[in-house]
Every structure is written in structure tokens, then in C-alpha cells.
Amino acid sequence: MSVPVAPRDDVAMMDGYHSPQVDVEVRLNTNESPLPPSPEFVAAVAAAVGDVRWHRYPDRLARELRARLAELHGVRADQVFVANGSNEVLQTLSLTYAGPGRSVALFEPTYAMHSQIARVTGATVAEGRRGADLAIDLDEVRRVVSSARPAITYLCSPNNPTGIAETPETVRAVLELVGEVGGLLVVDEAYSQFAPWSALELVADDAPLVVSRTYSKTWSMAAARLGYLIGPAWLVAELDKVVLPYHLDALKQAAGLIALDYVDDMERRVSILTEERGRVDAALRELPCEVWPSAANFILFRPTAADADAVWQALVDRSVLVRNCSGWPGLSGCLRVTIGTRDEDDRFLDALSEVLT
Ligand SMILES: *Cc1c(COP(=O)(O)O)cnc(C)c1O
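Quick notes on the rules
- Residues numbered from 1 in each chain as written.
- Predicted model: local features only at pLDDT ≥ 70, side-chain atom pairs only at ≥ 80, totals over all residues.
- Heavy atoms only, no water.
- Pairing = 2+ DSSP bridges.
- Helix = DSSP H or I, 4+ residues; strand = E, 2+ residues; numbered from the N terminus.
- Contact = heavy atoms within 4.5 Å.
- Axes fitted to C-alpha atoms, helices over the stretch in contact; angles between N-to-C directions.
- Buried < 20%, exposed > 50% of the residue type's maximum accessible area, 1.4 Å probe, protein only.
- Near = heavy atom within 4 Å.
- Polar contact = N/O pair within 3.5 Å; in protein donor to acceptor, adjacent residues only side chain to side chain.
- Areas by Shrake-Rupley, 256 points an atom, 1.4 Å probe, with all protein chains shown as cover.
- Nonpolar A, V, L, I, M, F, W, Y, C, P; charged D, E, K, R; others polar.

Colleague: Any chance you could break down the sheet that holds strand E12 (residues 323–324) for me, citing the residues and the numbers?
Modeller: A sheet is described by the order of its strands in space; here four strands give the open sequence E9-E10-E13-E12, paired in antiparallel fashion. Pairing within the sheet leaves two strands with one partner each, and these edge strands are strand E9 (289–291) and E12. As judged from the two bridges shared by E12 and strand E13 (residues 335–338), these two strands associate in the antiparallel manner. Looking at E13, one finds that Asn324 is bridged to Leu335. Helix-sheet contacts for helix H10 (residues 263–285) involve E9 and strand E10 (298–303), and the interaxial angle to E10 is about 5°.

If you want it as C-alpha cells, here you go:
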């Protein structure tokens, strides 16, 4: 008889990541693109399968992909780090700059993986709160940063799950506070193409700032698991020491490169979804719901006269899946809906209106 092997004490106490994958017809729960990439993109990736030298390890530094991403953003290739989804980018940052004996600051409610990754890598989480309007409150940032002196501070802009984009003034002010304690500011821009501005303009070799991006949302490539960051060259060099060798497979590197030939398609999808977001936002405001204005491809809302768990279940019963955020810090009673196709959004709005009225 063998006994279960004990994990690390801190891992034993962890919850893990909870986003139920329920079998429904309308999936509006994980902020993916409702539209697949173009058939031309898929055909080009299929052709690339034949070009892969399958018996050889891939280019360990993904040099071509870094060079093309650098070109896309007007930076140097040595300022780009690429990994298996932005989650691996953030994990590599945490392994390199946080970890045991160090802390990671973040401001709830925000993307659950920021604290999850910090804990898994052994760091302490210094948890601040957003203001009543769910935007970043600089006094709170000052309080958390000066007391915890975090190695990493996260901002998420637009923030998941609130949809709020921080202003350039806020990000600059946080960068200054973080710099004063020798910390690093990570701005997670998974939804940046929907936002009015990007913190990329603040990235420089003498600023302790990185911006992370993903192919999972606007690029319609969640299945591929590909993300990257733009930051100072000295930081990228440290990450390259920590990440596993050959972590990014050859076909994925090729797919990431090919995607960049279809920027116009991506931008077209963003404009379709932005227009659709306006329509869903207006329709939600006609229902008994509190609605937060969004600069992303999802909307946070709170049914004002019904229990969120019951509403979530009633939507699932109508084969519509949204994200139940009511257990997240500061979000009791809240749900988050991803913007889908017009048909999917109508299915959601009809179901919600049936449930609420
Ligand atoms: C969806 C999302 C990501 C994407 O993570 P990947 O690992 O690239 O799929 C990153 N950050 C935030 C805030 C997100 O909402």
C-alpha cells in the first residue's frame, strides 16, 4: 500500500483555477474571440506543418518571431520575450523576479492568474483593493507598495473582469511608485487592441516596466497558447535563463509568424466586436442590471433584483454560459459576459431578459 505523496504545504492549501467548462451552445465565459481566424491563415499553418524539421529541436530563442513582433511594435528584437500563452510569460517573470521571500502586489478584483501564479512560484501576495468605481486608487497603490515593497506589481489594462482601462497618468504614477522601491511593473494588456491607448509607449531600457500581450483573444488563437512581452533588454536576457529550453515548439512559432500576416483581419474582428459591445451594453442597461463600461471584449454586470448564482444557472439551463464572478473579491452579485457573434449575443440577451423580467 502506498500513501499519497504530500505536495508542498502551500500548494496543498491552494484552490487551483476555476472556470467551469460546461457543455452549452453559447459559450460567453472565457473572453475568446467568437470568430475563428481566416481560412487563408489556417491553410498557411497547414502548409507550414510540412516545412517543420520535426526531428530537430526548434529555434530556442524564436528569433524570427521575436524580430517580427519587434517590427510590429516598433521596438528591438532583444526587447521581446515569447512563451506558451501570456500565462507562461507571467510565470517566467514571477520565477525570475518574485518567488520565495519576495512579494507580488495586485489590486483586486483583477485577473485571478496574477495571484495564482505568484503563489505557485512561492511568492507572497500583497493584495490591494480597487476604488469604489473599480478603477485603480493611487493612495491604495502607495500604501501597498510602500509597505510590501513588492518585487512585481501588476496592473491589468483593460482590467479583467471589470473592463476598465487605466489612464496613462495612472500607469505613469504607479510606475514611479514601483520604481522607488526597486520593483517591476507588469501591465497585462491581453485586451489592448480594444483599449484607447497602450502602456507600450512607456517601455524603455531604463524603465522597470513590461507589457504582456497574448494571441488568445484578438488574434483568435486561444488554442495555440502563445503570448509575449515587450520590456527592457536586460530583463528579457534574465527570462531567457529561467524559461525551459525549447519551450516554444516549431509549429507554434510558425503559426505566430503567419498570424502577423493577417493584422487587417484581426483589426476587422476588433472593430466588429467593439460595435457589438456597444449593442450589448445598451441592451443590458435596459434590464434591471448595474453595468460597468468596458474597454475590452466583455462586460461586467450585476443583476439588481436577482441572485447572481441563480441567474448564472438559469442561463446555463438555457444553454448560455457566462462567467460567475460573484465569488471574486469585491464583486458579489456580478457576472461577466464575453462579447460573441450577433446571434450568440441575442441568445444571451433573450435568455437574460427571460430570467430577469
Ligand atoms: C485571457 C487573459 C490572458 C491570456 O492568457 P494566455 O495564457 O495568453 O491565454 C492574460 N491575461 C488576462 C488578463 C486575460 O484575461
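Colleague: Describe the pairing of strand E5 (residues 152–156), and please don't skip the residues or the numbers.
Modeller: The buried fraction of E5 is high, at five of five residues. Going residue by residue along E5, you find Ile152, Tyr154 and Cys156 tucked away on one face and Thr153 and Leu155 tucked away on the opposite face as well. Relative to E5, strand E3 (residues 103–108) runs parallel, the two being bridged by two bridges. Paired with Val104 across the two strands is Ile152, which belongs to E5.

Colleague: Talk me through the site of the ligand; I want residue IDs and the actual numbers.
Modeller: Of all residues adjacent to the ligand, which total 13 residues, the nearest are Ser86, Tyr191, Thr214, Ser216 and Lys217. Within the contact set of the ligand, an oxygen atom lies 2.5 Å away from a side-chain nitrogen or oxygen of Thr214. Taking Ser216, its side chain carries an N or O atom lying 2.6 Å from an oxygen atom of the ligand. Relative to its free-state accessible area of 390 Å², the ligand is covered by the protein chains to the extent of 94%. Top contributing element to the shell around the ligand by residue count: helix H4 (residues 85–97), with three residues. Of the residues belonging to the shell around the ligand, the class tally is four nonpolar, six polar and three charged.

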